Amino acid sequence: MSLSKLIEAVEAGAASMNDFAAVFPSETAYGPTTWGEAHKAFNGSLGAAKRLHDALLPEYGYHLGGWGARVWLYSDRPHWDGSNRQEVEMPNAPARAWLLAVLKALENQHEK
């Protein structure tokens, strides 16, 4: 499964543990528990969402609110352009919103 397909599955509320394991296999640089943390965040764990964020996007800031989640790349550039900012509106599922923002930021990194 590709990262973009995983994002689609998470957005649809249909991602499985196997989907996360396929995108984040244990032997990758992401570490052996990344897929497990992603699956826990999918199921509502804010703690898992934070651990996943810290592991995958340590140079990114984050904000959670009643509307959803936002992640952005900290930058030394004087004029931040916003291209590394991901926002996901999902008021009833903040951990899943954070997970999606992290996944979309990773996808954005891979596209550059």
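Everything here concerns the structure above.
Residues numbered from 1 in each chain as written. Predicted model: local features only at pLDDT ≥ 70, side-chain atom pairs only at ≥ 80, totals over all residues. Heavy atoms only, no water.

### Notes on the pattern of salt bridges
Step number 1: In this structure the tally under the stated criterion is 5 salt bridges.
Step number 2: The partner of Glu11 in a salt bridge is Lys104, with the nearest N and O atoms 3.0 Å apart. One end of the pair, Glu11, is in helix α1 (residues 3–12); the other, Lys104, is in helix α5 (residues 94–111), and 93 residues separate them in sequence.
Step number 3: Residue Glu11 is classed as partly exposed on the basis of its relative accessible area of 42%.
Step number 4: A relative accessible area of 21% places Lys104 in the partly exposed class.
Step number 5: For Lys50, the salt bridge goes to Asp54, with nearest N and O atoms at 2.7 Å. Of this pair, Lys50 and Asp54 both sit in helix α4 (residues 46–56), separated by 4 residues, roughly a single helical turn.
Step number 6: Note on Lys50: relative accessible area 33%, which makes it partly exposed.
Step number 7: Asp54 gets classed as partly exposed once you look at its relative accessible area, which sits at 35%. (Salt bridge = Lys/Arg side-chain N within 4 Å of Asp/Glu carboxyl O. Helix = DSSP H or I, 4+ residues; strand = E, 2+ residues; numbered from the N terminus. Buried < 20%, exposed > 50% of the residue type's maximum accessible area, 1.4 Å probe, protein only.)

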